[in-house]
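# Structural characterization, general
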Amino acid sequence: MHHSRDTAPLSPRLLYAEVERLGRAYPALSPRVLGTSILGRPIPLLLLGRGRQKCLYVGTHHATEWLTSRLLLYFAEELLSAHAAGERPYGLDLSFLLSRRTLCLVPMLNPDGVAIHLGEGEGDPLRERRARMAGGDFSHWQANARGVDLNHNYNAGFAEYRAVEASLGITGGAPTRYSGAFPESEPETAALAGFVRATRPRLLLTLHTQGEEIYCAGEGAHPTARRMALLSGYRLSFPEGAAAYGGLTDWAGGVLGIPSFTLECGKGENPLPPAEALPIYRTLSRLFFESITM
Ligand SMILES: [Zn+2]
């Protein structure tokens, strides 16, 4: 793994370079594009394996949480390199598993948000509106390019969440917590939700920072969540209120019944420092690998 590069936040530009590098180094990886962000950035989708059953991993709904994209790149690279070398990490027969399963990694669902948070602002027509939403300070920007919080934009408890928004004083685009005009109103969430409906993954793991917590929804998800907690040392949590509305896990798990898990990676204040990515990955590596079998 190319740890020397990992001292900077993972911008969309760095992400695209990493995806290209992995694609060149490992023929087993198929880099694809899930969709396009509001500002026209590609949303990469990495496919690995040729099984009918899909395991889907999603990073960076929230702009300050780009570290989760790095975690998924580490996972992809460790898996690809072990597979190429014929190794059996954690005793797993990767060749067999990858004939039965296809891993689908969406490392960065919100590339526009990350660019905005990192100050790689662009002269797009929404820029002034965003500056008003954020009071000119993008250090806590979580949303996409028009101020929709992507992890409140799925069709789960959407109407109920409107009341929560009102109580928070949110009536439109904002740096965080605005759910959008209607479910899947954003190209980023529409692309991902369409992919979930089309592929019906057997497991959906969504990464956020921070808190060292796991929560789950969907049929039979609880025993798997307990196993994940055991493998990572993270604690199980069952959030109520604002955190449980409109999220990908709430929708895919609670509405579609797909075993769905949210992993709150690491501990500290967002954005976590780039140097934390590798130690956090080490804590989660076994969970990621074993999740292929879950
Ligand atoms: Zn988050």
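Our structure is the block above this text.
Fair warning: this is a prediction, and the values are worked out from it, not measured in the lab.

## Remarks on the overall build of the protein chain
When helices and strands are counted, the protein chain shows 10 helices and eight strands. Rg of the C-alpha trace for the protein chain: 18 Å, near the compact-globule value of 19 Å for 294 residues, within the 12% margin. Projected onto the principal axes, the alpha-carbon positions of the protein chain cover approximately 55 × 40 × 35 Å. Evaluated residue by residue, the protein chain yields a buried proportion of 54% over its 294 residues. For the protein chain, the share of sequence-separated contacts (at least 6 apart) that also reach a separation of at least 24 residues comes to 78%. When the accessible surface of the protein chain is totalled, it reaches about 11800 Å², and 51% of it is carbon and sulfur. Both charge centroids of the protein chain, one from 29 positive and one from 29 negative side chains, sit 7 Å from each other.

## Re the coordination of the zinc ion
Taken together, the protein donors to the zinc ion comprise His62 (ND1), Glu65 (OE), Glu65 (OE) and His208 (ND1), at separations of 2.0 to 2.5 Å. Every donor counted, the four donor atoms about the zinc ion form angles of 54 to 141° at the centre, which fits irregular coordination. Site description for the zinc ion: donor spacing in sequence, H-x2-E-x142-H. The two residues histidine 62 and glutamate 65 agree in class, both being buried.

## Thoughts on the packing of helix H2 (residues 67-85) against helix H10 (residues 277-291)
At a minimum axis distance of 10 Å, the contact between H2 and H10 shows a crossing angle of 55°. In terms of axis orientation, H2 runs oblique to H10. The two elements H2 and H10 cross, and the hand of that crossing is right-handed. Listed contacts from H10 to Leu67, Arg70, Leu71, Tyr74, Phe75, Glu78 and Leu79 of H2 are Ala277, Leu278, Ile280, Tyr281, Arg282, Leu284, Ser285, Phe288 and Phe289. Split by residue class, the contact of H2 with H10 holds 12 nonpolar, one polar and three charged.

## A word on the environment of alanine 134
For alanine 134, the location among the structural elements is in helix H5 (residues 127-134). Taking C-alpha positions, alanine 134 is 5.9 Å from proline 175, a pair spaced 41 residues apart along the chain.

## Some points on helix H6 (residues 158-167)
Turning to H6, its buried residues are Phe158, Tyr161 and Glu165. What you see down the axis of H6 is that its buried residues fit within an arc of 55°, all on one side. Pointing more than 90 degrees away from the buried face of H6 are the exposed residues Ala159, Ala163, Ala166 and Ser167. Positioned one or two residues after H6, glycine 169 has a phi angle of 80°, which is positive.

## As for the pattern of salt bridges
As enumerated under the stated definition, the model contains 12 salt bridges in all. Its salt-bridge partner being aspartate 112, residue arginine 41 comes within 2.8 Å of it at the nearest N-O pair. In this pair, arginine 41 is assigned in the loop between strand S1 (29-36) and strand S2 (42-48) and aspartate 112 in helix H4 (residues 111-117), connecting sequence segments 71 residues apart. Of the two residues examined, arginine 41 and aspartate 112, each falls in the buried class. Of the charged contacts, one joins arginine 197 and glutamate 184 as a salt bridge, the two residues approaching to 2.9 Å between their closest N and O atoms. With a gap of 13 residues between them, arginine 197 in helix H7 (residues 187-199) and glutamate 184 in the loop between H6 and H7 connect regions that are remote in the sequence. The exposure class of glutamate 184 is buried, given its relative accessible area of 18%. One network of salt bridges, with partners in common, ties together Glu18, Arg21, Arg70 and Glu77.

## What to know about the sheet that holds strand S5 (residues 203-209)
What the eight strands build is an open sheet, ordered S1-S2-S4-S3-S5-S8-S6-S7; its pairing is mixed. At either end of the open sheet lies a strand with only one pairing partner, and these are S1 and strand S7 (235-236). Note that S5 and strand S8 (residues 260-265) share six bridges and pair parallel. Its bridge partner being in S8, histidine 208 is matched across the sheet by glutamate 264. Here helix H1 (residues 12-25) sits on the sheet in contact with S1 and S2, set at roughly 25° to S2. Set on the sheet, helix H8 (residues 221-232) makes contact with S5, strand S6 (213-217), S7 and S8; between it and S6 the angle comes to about 165°.

Rules used throughout
Residues numbered from 1 in each chain as written. Predicted model: local features only at pLDDT ≥ 70, side-chain atom pairs only at ≥ 80, totals over all residues. Heavy atoms only, no water. Helix = DSSP H or I, 4+ residues; strand = E, 2+ residues; numbered from the N terminus. Rg over C-alpha atoms; globule rule 2.2 N^0.38 Å. Buried < 20%, exposed > 50% of the residue type's maximum accessible area, 1.4 Å probe, protein only. Contact = heavy atoms within 4.5 Å. Areas by Shrake-Rupley, 256 points an atom, 1.4 Å probe, with all protein chains shown as cover. Lys, Arg positive; Asp, Glu negative; His and termini not counted. Charge placed at Lys NZ, Arg CZ, Asp CG, Glu CD. Donors = N, O, S within 2.8 Å, 3.2 Å for Na, K, Ca; no water. Tetrahedral: all angles 85-135°; square planar, octahedral: opposite > 155°, others 65-115°. Axes fitted to C-alpha atoms, helices over the stretch in contact; angles between N-to-C directions. Parallel < 35°, antiparallel > 145°, perpendicular 65-115°, else oblique. Left-handed = near helix turned anticlockwise from the far one by under 90°. Nonpolar A, V, L, I, M, F, W, Y, C, P; charged D, E, K, R; others polar. Arc of directions from axis to C-beta. Salt bridge = Lys/Arg side-chain N within 4 Å of Asp/Glu carboxyl O. Pairing = 2+ DSSP bridges.

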